[in-house]
Amino acid sequence: MAYAIAVSEPGGPENFHRIEIEVPQPGPGQVTLRQTAIGLNFIDVYFRTALYPWSVARDLVAGSEAVGVIEAVGEGVDLRPGQRVGYVSRTGAYASHRVIEASALMPIPDAVSDEIAAAVMLKGLTVHYLLHHSYPVKAGDTVLFHAAAGGVGLLAGQWLKALDVQAI
């Protein structure tokens, strides 16, 4: 039976509990994913404690990134069952299975483990956004990066070095 780890009311980690879930068949543009690794992020605490609001009328399945194997595909989906993919979403990752829009999925290269991909997906996309969209850095630039000790900062430092950018 498929399951999720959820909270019924805002609070601490002691509020987590296991719930049985039914995994529906995917609709058009969707896939059913059996999740193999789930990332943990501080933003999950914001949802669990309701700093970021959610409806108390239903259990919250937290978690914003995961990797898994496609079990079924809906109409119009170019991905295939058995393919390894990852995603970032608002919530819903703390589950054994889920149905998700195929457009949210990214193929995972064979050389990258599920655990590594799930751990860096959100942080990697954040760094990509910062270095390519917030301000497109280029070789020779100097960048001040606050909080370089966290996951995003660690990736940013390595990425900036690879781009030949001076990081402070």
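Shown above is the structure to which this text applies.
Throughout what follows, the structure given in this document is the object of discussion. (Residues numbered from 1 in each chain as written. Predicted model: local features only at pLDDT ≥ 70, side-chain atom pairs only at ≥ 80, totals over all residues. Heavy atoms only, no water.)

## With respect to the nonpolar core
Inference 1: V31, L33, A66, I70, V77, L79, V85, Y87, A93, I100, A102 and L105 form the largest nonpolar core, which has 12 residues in total.
Inference 2: Every element with two or more residues in this core is listed here: β3 (30-38), β5 (65-73) and β6 (84-88).
Inference 3: With sequence-adjacent residues up to four places away left out, V77 is seen in contact with G29, Q30, V31 and A102.
Inference 4: In terms of nonpolar packing, the next biggest core, distinct from the first, is built from 9 residues, A6, I19, I21 and Y94 among them. (Core = buried A, V, L, I, M, F, W, Y, C linked by side-chain atoms within 4.5 Å. Buried < 20%, exposed > 50% of the residue type's maximum accessible area, 1.4 Å probe, protein only. Helix = DSSP H or I, 4+ residues; strand = E, 2+ residues; numbered from the N terminus. Contact = heavy atoms within 4.5 Å.)

## Here's the deal with unusual backbone geometry
Inference 1: With a phi angle near 70°, A50 is a residue other than glycine that sits in the positive phi range.
Inference 2: Taking relative accessible area as the criterion, A50 reaches 29% and is therefore assigned partly exposed.
Inference 3: The phi torsion at D164 lies on the positive side, around 60°, for a residue other than glycine.
Inference 4: Locating D164 in the fold gives a position in the loop between α3 (151-162) and β10 (166-167).

## Things to note about the sheet that holds strand β2 (residues 17-20)
The strands that make up a sheet are held in pairs by hydrogen bonds between backbone atoms, and each pair lies either parallel or antiparallel.
Inference 1: Strand order in the open sheet formed by 3 strands is β2-β1-β4, with antiparallel pairing between adjacent strands. Across the chains shown, the open sheet's two edge strands, defined by having one partner strand only, are β2 and β4 (60-61).
Inference 2: Note that strand β1 (residues 3-7) and β4 share 2 bridges and pair antiparallel. When the bridges of β4 are listed, A6 appears paired with V61. (Pairing = 2+ DSSP bridges.)

## Some words on the sheet that holds strand β8 (residues 105-107)
Inference 1: Taking strand neighbours across the sheet as the criterion, the 5 strands line up as β7-β3-β5-β6-β8 in an open arrangement whose pairing is antiparallel. In this open sheet, the two strands that pair with only one neighbour each are β7 (97-101) and β8. Across the sheet, the mean angle from the axis of one strand to that of its neighbour is 45°, orientation sign disregarded.
Inference 2: In terms of strand pairing, β6 meets β8 through 3 bridges, oriented antiparallel. Looking at the pairing, V85 lines up with P107 of β8. (Axes fitted to C-alpha atoms, helices over the stretch in contact; angles between N-to-C directions.)

## Thoughts on the pattern of salt bridges
Pairing of side chains with opposite charge becomes possible as their charged atoms draw close.
Inference 1: Under the counting rule described, the total for this entry stands at 6 salt bridges.
Inference 2: As a salt-bridge pair, E20 and R18 come within 3.5 Å of each other at their nearest N and O atoms.
Inference 3: Of the charged contacts, one joins D141 and K138 as a salt bridge, the two residues approaching to 3.3 Å between their closest N and O atoms.
Inference 4: Linked through salt bridges whose partners overlap, the residues forming this network are R84, D110 and D114. (Salt bridge = Lys/Arg side-chain N within 4 Å of Asp/Glu carboxyl O.)

## Quick word on the packing of aromatic side chains
Inference 1: Under the definition given, this model contains 4 aromatic pairs.
Inference 2: Here Y46 and Y52 contribute two aromatic rings whose centre-to-centre distance is 5.1 Å and whose plane-to-plane angle is 55°, an arrangement assigned as tilted.
Inference 3: On the basis of relative accessibility, which here comes to 27%, the residue Y46 falls in the partly exposed class.
Inference 4: Using a relative accessible area of 34% as the deciding quantity, one classes Y52 as partly exposed.
Inference 5: Among the aromatic residues, ring-to-ring pairing joins F42, Y46, F47 and Y52 into one connected group.
Inference 6: Between R18 and the ring centre of Y3, over which it is positioned, the NZ or CZ distance is 3.8 Å. (Phe/Tyr/Trp six-rings, centres within 6.5 Å; stacked < 30°, edge-to-face > 60°. Lys NZ or Arg CZ within 6 Å of the ring centre and 35° of its normal.)

## Here's the deal with α3
Inference 1: With 12 residues, α3 extends 17 Å from end C-alpha to end C-alpha; this agrees with the ideal 16 Å at 1.5 Å per step.
Inference 2: Here the buried face of α3 lies against α2 (114-134), β9 (142-143) and β10. (Expected span 1.5 Å × (residues − 1).)

## A word on α2
Inference 1: With 21 residues, α2 extends 29 Å from end C-alpha to end C-alpha; this agrees with the ideal 30 Å at 1.5 Å per step.
Inference 2: When α2 is considered as a whole, its buried residues turn out to be D114, A117, A118, M121, K123, G124, V127 and L131.

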